[in-house]
2 protein chains.
Amino acid sequence: MAAEIIDGRPVARRMQEEIRTAVAAYAAQAGGAPGLGVVLVGDDAASAMYVRMKRRACDRVGLRSEARILPTESTQGEVEGAVRAFNNDPAIHGILVQLPLPEHIDEEAALNEISLNKDVDGIHPMNLGRLGMRGREPSFTPATPTGVMALIRETGRAIEGARAAVIGRSNIVGLPVALMLANANATVTICHSRTRDLPNVLGRADIVVAAIGRPEFVKGAWLKPGAIVIDVGSNSVPDPESEKGYRYVGDVEFESARTAAGYITKVPGGVGPMTITMLLSNTMKAAERSLPA
Amino acid sequence: MAAEIIDGRPVARRMQEEIRTAVAAYAAQAGGAPGLGVVLVGDDAASAMYVRMKRRACDRVGLRSEARILPTESTQGEVEGAVRAFNNDPAIHGILVQLPLPEHIDEEAALNEISLNKDVDGIHPMNLGRLGMRGREPSFTPATPTGVMALIRETGRAIEGARAAVIGRSNIVGLPVALMLANANATVTICHSRTRDLPNVLGRADIVVAAIGRPEFVKGAWLKPGAIVIDVGSNSVPDPESEKGYRYVGDVEFESARTAAGYITKVPGGVGPMTITMLLSNTMKAAERSLPA
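None of these values were measured; they are calculated from a predicted model.

J.: If you had to explain the overall build of chain A to someone new, which residues and values would you point to?
T.: In terms of helices and strands, chain A carries 10 helices and 11 strands. Radius of gyration (C-alpha) of chain A: 19 Å, near the 19 Å computed for a compact globule of 293 residues. Summarising its shape, the C-alpha atoms of chain A cover approximately 55 × 45 × 35 Å along the three principal directions. Out of the 293 residues belonging to chain A, those deemed buried represent 56%. Restricting to contacts in chain A with at least 6 residues of sequence separation, those with at least 24 account for 69%. Surface exposure of chain A reaches about 12,400 Å², of which carbon and sulfur atoms provide 51%. Charge separation in chain A, taken as the distance between the mean sites of 32 positive and 33 negative side-chain charges, equals 5 Å.

Here's what the structure looks like:
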């Protein structure tokens, strides 16, 4: 039996509709729409595309976005200065520093400049620490992991008590997803490139989140029948039949996985639309918190 | 075959000997020994005992310790003021706030006052976030988890690629141990009270760290034969045969576990002596970093 597809697009549309309503209400009360400040350093084509996509999504829901586009050869001080200018701007409620930064920039120092109450990407170490700790709450939860959790919840299955395997332990996806699943009372196994016998680990997991950036790495035969599979990967692979000569595939071999899984996301159209939606949602939240109580 | 005992006492003694040498060298150079500032609020007997033990350990290696003992009814401002006074005191290199604080004190706010470079307990959210993140380093790693890692390393077995199960997800033990094991490239499963079929999870684990505070909860039959078992629990149970009427047991049923495990710690005499040693070691590190380069 084929898995049910968890389609991120209608979920994202529904949430963006709610955000649009909240933005309009905020703008009426505050006299202006919430603002997202974006810092982009250098001329990496993919980064520029991501920034354009995020700004277009802001437009769709009525958020203002401002971009500071700095040349590749910018100094550490110039990058941090752009962040601080957004920190001090009351019309900017959320700040996004598009990664990766050029090699000569200290990423940690630049990101640490972001005010905690404007860290809508949720990747400040203080926010990640709070995310993992009992009895602490981060200012914001990071966008992609929050989208992953929303898609798991779309299945209606209980997370509490479920066995979950997270493949990958990046700062922006794997680590926070593992912490959020543990917070939701799943029994979480953190898997990575040094994990031995991954099929054995996955074979016991009710929930699998793949976030390793290896095209079609996870095979259907490795999965526990009926599992929920969330594919965060987005890898371009050569495709002579496509007009562009390439296409995007996930970290999961979709065709074999869909026959084993109970629920599965597609790439594209799964986690991707949720990531941007959660960034919009966090920016809206930041603006609401900035209103006088 | 019975497990080999991992005895924390000689390991702690050896490390304390090294710290004593470093303290003497520092004192000769800096004109005074490194200082640990301890904040104790209220008159909880166990907390007072822990503080005495830590201060005695400081004495043994030549560290200075200063205690601010505040009454239970102290205000938030008074507790934070005591922390700030230590922050501003150049003769104090490490700060320890003994937990738990009285109910009316906001623990998070009080702990966040500790300067990151004096957070020798390593429990500031910023330090825990950095501990989990790739490419980031905490100022200090928390004492008990660092002791757990040192005892695992005493076995000489590889952590990389091993399957590890951490039972418990507290801010000061379970969570940071899981992050440190993942950083050491183990495949880590975070288990807790909502975990279903714990024996099945433990049965595949090469390393088990028990930190749940439930006396003799983990049974030998649940373990993978030959596993490394680190017992962080320290639970007092009634014992009519003892002079005091009680004795301390761990979270692991020692007698059944020792026949299954390859290596096992005892309670007391396992993790306990390491915790204090790591606090001393972090205080010494803080002092060394305070010296002009």
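Read on, since the account is not over.
J.: Break down the packing of helix α6 (residues 143-154) of chain A against helix α10 (residues 271-290) of chain A for me, with residues and values.
T.: Residue and element names in this part refer to chain A. Close contact between α6 and α10 brings their axes to 8 Å; oriented N to C, the two are set at 120°. Comparing the axis directions of α6 and α10 gives the class oblique. When you trace α6 past α10, the crossing you get is right-handed. Mapping the contact onto sequence places Ala143, Thr144, Thr146, Gly147, Val148, Ala150 and Leu151 in α6 and Val271, Met274, Thr275, Met278 and Leu279 in α10. Class assignment for the residues of the contact of α6 with α10 results in 8 nonpolar, 4 polar and no charged.

J.: Lay out the sheet that holds strand β2 (residues 35-41) of chain B in plain terms, naming residues and giving numbers.
T.: Residues and elements named next belong to chain B. Taken in spatial order, the 3 strands of this open sheet run β3-β2-β4, and their pairing is parallel. Two strands close off the open sheet at either side, each with one partner strand: β3 (64-70) and β4 (94-97). Averaged over all pairs of adjacent strands, the angle between strand axes in this sheet comes to 15°, irrespective of strand direction. Against the sheet, helix α2 (residues 45-61) makes contact with β2, β3 and β4, and its axis sits at roughly 170° relative to β2, the strand it touches most.

J.: So what's going on with the interface of chain A and chain B? Which residues, and what values?
T.: With 40 residues of chain A at the interface, the matching set in chain B holds 40 residues. The junction of chain A with chain B conceals about 3,500 Å² of combined surface from both sides, 48% of it contributed by carbon and sulfur atoms. Sorting the residues of chain A by area buried against chain B places Met133(A), Arg136(A) and Arg169(A) first, and these three jointly supply 16% of that buried surface. Our enumeration of links across chain A and chain B arrives at 8 salt bridges. Put simply, Glu160(A) and Arg194(B) hold a salt bridge, and the shortest N to O gap is 2.8 Å. Across the chain A-chain B interface, the total number found is 20 residue pairs in polar contact (both at pLDDT 80 or more).

J.: Any details on the confidence of the model for chain A? Residues and values, ideally.
T.: Summary statistics for chain A give a mean pLDDT of 96 and a share of 100% for residues scoring 70 or more. Here the predicted complex scores 0.96 on pTM and 0.95 on ipTM.

J.: Outline the pairing of strand β9 (residues 235-238) of chain A, listing residues and values.
T.: Residues and elements named next belong to chain A. Side chains Asn235 and Val237 of β9 all project onto a buried face; the interleaved residues Ser236 and Pro238 project onto a face where none is buried. Alignment of β9 against strand β10 (residues 246-249), held across 4 bridges, turns out to be antiparallel. Counterpart to Ser236 in the pairing with β10 is Tyr248.

J.: If you had to explain the state of the cysteines to someone new, which residues and values would you point to?
T.: By definition, a disulfide links two cysteine residues through a covalent bond between their sulfur atoms. The full count for this structure, using the stated rule, is 0 disulfides over all chains. For Cys191(B), which is in no disulfide, the shortest distance to another cysteine sulfur is to Cys191(A) and amounts to 13 Å.

J.: So what's going on with a nonpolar patch on the surface? Residues and values would help.
T.: Taken together, the side chains of Met49(A), Tyr50(A) and Met53(A) present a nonpolar region at the surface, about 250 Å² in accessible area. Within the fold, Met53(A) resides in helix α2 (residues 45-61).

J.: So, the environment of Ala12(A): which residues are in play, and what are the values?
T.: Residue position: Ala12(A) is located in helix α1 (residues 8-30). Setting aside chain neighbours within four positions, we find Ala12(A) in contact with Pro273(A), Met274(A) and Thr277(A).

J.: Lay out the side chain of Ser74(A) in plain terms, naming residues and giving numbers.
T.: All names here are of chain A. Turning to its location among the elements, Ser74 is positioned in the loop between β3 (64-70) and α3 (76-87). In this structure Ser74 comes out as buried when scored by relative accessible area, which is 2%. At 2.5 Å, the side chain of Ser74 forms a polar contact with the backbone oxygen of Pro71. The residues contacting Ser74, other than those within four sequence positions of it, are Val41, Val79, His104 and Ile105.

J.: Quick one: what's the story with the relation of the copies chain A and chain B, residue by residue and with numbers?
T.: Of the two same-sequence chains, chain A is brought onto chain B (RMSD 0.0 Å, axial shift 0.0 Å) by a rotation of 180°. Such a turn and shift between the copies fits a two-fold axis. The share of interface residues of chain A whose copies in chain B are also at the interface is 100%, consistent with both copies meeting through the same surface.

J.: Please provide a residue-by-residue account of the sheet that holds strand β2 (residues 35-41) of chain A, values included.
T.: Strands belonging to one sheet form pairs held by backbone hydrogen bonds; the direction of such a pair is parallel or antiparallel. Residue and element names in this part refer to chain A. Pairing in this open sheet of 3 strands is parallel, and the strands run β3-β2-β4 from one edge to the other. In this open sheet, the two strands that pair with only one neighbour each are β3 and β4 (94-97). Direction aside, the axes of adjacent strands within the sheet are offset by 15° on average.

J.: Could you give an account of unusual backbone geometry, naming the residues involved and the relevant values?
T.: Note the cis peptide between Leu99(A) and Pro100(A), where omega equals -5°. Its identity is not glycine, yet Asp197(A) carries a phi of approximately 55°, on the positive side. With a phi angle near 55°, Glu216(B) is a residue other than glycine that sits in the positive phi range. Mapped onto the fold, Glu216(B) is located in the loop between β7 (207-210) and β8 (228-231). Residue classification places Glu216(B) among the partly exposed residues on the basis of a relative accessible area of 28%.

Cut-offs applied
Residues numbered from 1 in each chain as written. Chains lettered and ligands numbered in written order. Predicted model: local features only at pLDDT ≥ 70, side-chain atom pairs only at ≥ 80, totals over all residues. Heavy atoms only, no water. Helix = DSSP H or I, 4+ residues; strand = E, 2+ residues; numbered from the N terminus. Rg over C-alpha atoms; globule rule 2.2 N^0.38 Å. Buried < 20%, exposed > 50% of the residue type's maximum accessible area, 1.4 Å probe, protein only. Contact = heavy atoms within 4.5 Å. Areas by Shrake-Rupley, 256 points an atom, 1.4 Å probe, with all protein chains shown as cover. Lys, Arg positive; Asp, Glu negative; His and termini not counted. Charge placed at Lys NZ, Arg CZ, Asp CG, Glu CD. Axes fitted to C-alpha atoms, helices over the stretch in contact; angles between N-to-C directions. Parallel < 35°, antiparallel > 145°, perpendicular 65-115°, else oblique. Left-handed = near helix turned anticlockwise from the far one by under 90°. Nonpolar A, V, L, I, M, F, W, Y, C, P; charged D, E, K, R; others polar. Pairing = 2+ DSSP bridges. Buried area = accessible area lost by both parts, 1.4 Å probe. Salt bridge = Lys/Arg side-chain N within 4 Å of Asp/Glu carboxyl O. Polar contact = N/O pair within 3.5 Å; in protein donor to acceptor, adjacent residues only side chain to side chain. pLDDT = per-residue confidence, 0-100. Disulfide = S-S within 2.5 Å. Patch = residues over 30% accessible without salt bridge, like charges linked within 9 Å, V, L, I, M, F, W, Y side chains within 5 Å. Least-squares fit on C-alpha atoms with pLDDT ≥ 70 in both.

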